Amino acid sequence: VRSDIIDAYVFRKQGAIELLQVYRTEPPISWQTVMGHIEPGESSVDALWRELREEVGLSRDHPAFLGAWALEQVHPFFLPASDSIVLSPRFAVRVAHGWTPVLNHEHSAHRWVGAEQAREHFMWPGQHAAIDELRSLDLDGSRRL
């Protein structure tokens, strides 16, 4: 069992919630959330900020950053390559509607997906649960980082 991967659900809200997906260019090649490994000595929250900066060019002091929340639910998933079960800390990160991610070499494209259509674009049950939790957040305070 390991918990060294973070998962960030970057979203914008202007009426409906839209979620950012980035297209990964290295295996596993797929549309994903911003995610990455926690480095030795790094906290989950520190890994969140580092991965956001590296993968999509977002930092806490960026004018488009509007807030971040820790999601409470953790959904285990199995990684056959390492024969391990992962318990991944998950976060919701709100950005301004006009923000455009600056992708690094790990990604070749991005898209915004409506939360109402999330089940069509996110394949794992844990992702669906995280999106459901994100949609229920009190954006004015609860669990804000």
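Residues numbered from 1 in each chain as written. Predicted model: local features only at pLDDT ≥ 70, side-chain atom pairs only at ≥ 80, totals over all residues. Heavy atoms only, no water.

Undergrad: Please clarify how the overall build of the chain should be interpreted in this entry.
TA: Counting its secondary structure elements, the chain contains three helices and nine strands. Each helix (α) and strand (β) of the chain, taken in turn from the N terminus, gives the series β-β-β-β-α-β-β-β-β-β-α-α. In terms of overall size, the chain behaves like a compact globule, its C-alpha atoms giving a radius of gyration of 14 Å where 145 residues would be expected to give roughly 15 Å. With the C-alpha coordinates aligned to their principal axes, the bounding extent of the chain is approximately 40 × 35 × 30 Å. Scored against the burial criterion, the 145 residues of the chain give a buried share of 46%. Contacts spanning at least 24 positions in sequence make up 70% of the contacts within the chain whose residues lie at least 6 apart. Between the mean site of the 14 positive side-chain charges and the mean site of the 20 negative ones, the chain shows a separation of 4 Å. (Helix = DSSP H or I, 4+ residues; strand = E, 2+ residues; numbered from the N terminus. Rg over C-alpha atoms; globule rule 2.2 N^0.38 Å. Buried < 20%, exposed > 50% of the residue type's maximum accessible area, 1.4 Å probe, protein only. Contact = heavy atoms within 4.5 Å. Lys, Arg positive; Asp, Glu negative; His and termini not counted. Charge placed at Lys NZ, Arg CZ, Asp CG, Glu CD.)

Undergrad: Would you explain the nonpolar core in this entry?
TA: Side chains that are nonpolar tend, in soluble globular proteins, to be buried together. Within the largest apolar cluster, 21 residues are counted, with the highest numbers of intra-cluster contacts made by V10, L48, L52, V56, L58, V93 and W99. If you list the elements that add at least two residues to this core, you get strand 1 (5-14), strand 2 (16-24), helix 1 (44-56), strand 5 (65-71) and strand 8 (90-95). A total of five residues in this core trace back to one element, the largest contributor, which is helix 1. Ranked by size, the runner-up nonpolar core spans 16 residues in total, among them I17, V113, L134 and L137. (Core = buried A, V, L, I, M, F, W, Y, C linked by side-chain atoms within 4.5 Å.)

Undergrad: Got a minute to help me understand the packing of aromatic side chains in this structure?
TA: Aromatic ring pairs are defined here through the distance separating the ring centres and the angle between the ring planes. One pass over the full model with this rule turns up five aromatic pairs. For the ring pair F11 and W69, a centre distance of 6.1 Å and an interplane angle of 40 degrees mean the geometry is tilted. Taken together, the positions of F11 in strand 1 and W69 in strand 5 put the pair 58 residues apart, joining distant regions of the chain. Taking the relative accessible area as the measure of exposure, F11 reaches 0% and is therefore buried. A residue is classified by how much of its surface remains accessible, and W69, at 1% relative accessible area, is buried. The ring of W31 has R111 sitting right over it, with the charged end atom 4.1 Å from the ring centre. (Phe/Tyr/Trp six-rings, centres within 6.5 Å; stacked < 30°, edge-to-face > 60°. Lys NZ or Arg CZ within 6 Å of the ring centre and 35° of its normal.)

Undergrad: Please clarify how unusual backbone geometry should be interpreted in this entry.
TA: For D83, which is not glycine, the phi torsion reads 50 degrees and is therefore positive. By the element assignment, D83 lies in the loop between strand 6 (77-79) and strand 7 (84-86).

Undergrad: What is the right way to look at helix 3 (residues 125-135) in this model?
TA: Each α-helix turn comprises 3.6 residues. Residues three or four places apart therefore point the same way. Most of helix 3 is tucked away: eight of the eleven residues are buried. Every buried residue belonging to helix 3 is among G126, Q127, H128, A129, A130, I131, E133 and L134, and all of these are buried. Along its buried surface, helix 3 packs onto strand 1, strand 2, strand 5, strand 8 and helix 2 (118-121).

Undergrad: Looking at this structure, I do not really get the environment of L137. What am I missing?
TA: Position of L137 among the secondary structure elements: in the segment after helix 3. Owing to a relative accessible area of 9%, L137 belongs among the buried residues under this scheme. Taking the C-alpha atoms as reference points, L137 and F65, separated by 72 residues in sequence, lie 17 Å from one another.

Undergrad: Any chance you could explain the pairing of strand 2 here in plain terms?
TA: Along any regular strand the residues' side chains alternate between the sheet's two faces. Taken together, the four bridges between strand 1 and strand 2 define a ladder with antiparallel strand orientation. Across the sheet, K13 pairs through a bridge with I17, a residue of strand 2. Between strand 1 and strand 2, which pair antiparallel in sequence order, lie one residue; one of them, G15, sits at a positive phi of approximately 85 degrees. Bridge analysis of strand 2 against strand 9 (residues 107-114) gives seven bridges, and the strand direction is antiparallel. Paired with L19 across the two strands is V113, which belongs to strand 9. As paired strands, strand 2 and strand 3 (residues 31-32) are joined by two bridges and run antiparallel to one another. Considered in strand 3, the bridge of Y23 is made with W31. What sits between the antiparallel neighbours strand 2 and strand 3 is a turn of six residues. (Pairing = 2+ DSSP bridges.)

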